[in-house]
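# Residue-level structure breakdown
So you can see what is in the structure, the chains are spelled out below.
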Amino acid sequence: MGVKIIHPADGPEMHTGEGYGLTQIEKVIGLARANSIWPLPFATSCCGIEFMATMASTYDLGRFGAERLSFSPRQADLLMVMGTIAKKMGPVLKQVYTQMAEPKWVIAVGACASSGGIFDTYSVLQGIDKVIPVDVYVPGCPPPPEAILDGILKIQELIKNEPLRRRNSPEYNHLLHQYQID
Ligand code: SF4
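Before going into details, it helps to say that this report is about the structure given with it.

Turning our eyes to something else, we now look at the site of the ligand. As a matter of local geometry, the ligand sits amid S45, C46, C47, G83, T84, G110, A111, C112, G117, C141 and P142. If one sorts the elements of the shell around the ligand by residue count, helix α4 (residues 110-115) sits on top with three residues.

Following this line, the structure appears as structure tokens:
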């Protein structure tokens, strides 16, 4: 029987010596946040089914430390929007987003959430970035679980490398101001 080698997750860059390790607090916090995401699935249609497959045993989102879903915005830090969003639903989505505490991130999963998809009609929002800021877009109609996992990996990279002061910066406040979120 072959020996299975399991590689641990990459730690932060560190200067080490005998009995000590030195790193930056920002990197440690980023690592902890990236590997303990609490997603809020905002699923309205078919892409939500792909998300269910992503949570199930074959793909197992839990491997990335994100198996604890939250259905309360106050206990979530990653909003995953999956499915067609009608214009009437825009204010609801925005309210969910504003109820989430900082720091928070958003993934638009699939063509509908990213751009309205095939529904170029009067009633469908042509992308959720018309009402809230988006960090990662996952392409596909529907995106398979592999693509959703890829989106999670990209979000993890963003979280790991985000400066702690970003949320208080004038650029971030300006971004929220553009969406009339204060
Ligand atoms: S992107 Fe395609 S699969 Fe996803 S919600 Fe829209 S129509 Fe359905």
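Moving on: the sheet that holds strand β5 (residues 105-109). The strand order across the open sheet formed by four strands is β3-β4-β5-β6, and the pairing between neighbours is parallel. Across the chains shown, the open sheet's two edge strands, defined by having one partner strand only, are β3 (39-43) and β6 (136-138). Geometrically, the sheet is characterised by an average inter-axis angle of 20° between neighbouring strands, direction not taken into account. As judged from the three bridges shared by β5 and β6, these two strands associate in the parallel manner. Looking at the pairing, I107 lines up with V136 of β6.

The next thing to look at is the nonpolar core. Grouped together as the largest cluster of nonpolar side chains are 37 residues, with contacts concentrated most on L79, M80, V81 and V109. If you list the elements that add at least two residues to this core, you get β3, α2 (47-55), β4 (78-82), α3 (90-99), β5, α4, β6 and α5 (145-161). Once residues lying within four places of it in the same chain are set aside, the contact partners of V109 are C47, F51, M80, V81, M82, V138, P143, I148 and G151.

This next bit is on the pairing of β5. Across the five residues that make up β5, a large majority, five, are buried. On β5, burial covers both faces: W105, I107 and V109 on one face and V106 and A108 on the other are all buried. Two elements, β4 and β5, share five bridges in a ladder whose sense is parallel. From the neighbouring strand, L78 faces β5, where its bridge partner is W105.

Cut-offs used in this document
- Residues numbered from 1 in each chain as written.
- Predicted model: local features only at pLDDT ≥ 70, side-chain atom pairs only at ≥ 80, totals over all residues.
- Near = placed C-beta within 6 Å.
- Helix = DSSP H or I, 4+ residues; strand = E, 2+ residues; numbered from the N terminus.
- Pairing = 2+ DSSP bridges.
- Axes fitted to C-alpha atoms, helices over the stretch in contact; angles between N-to-C directions.
- Core = buried A, V, L, I, M, F, W, Y, C linked by C-beta atoms within 7 Å.
- Buried ≥ 20, exposed ≤ 12 C-beta atoms within 10 Å, placed from the backbone.
- Contact = placed C-beta atoms within 7 Å.

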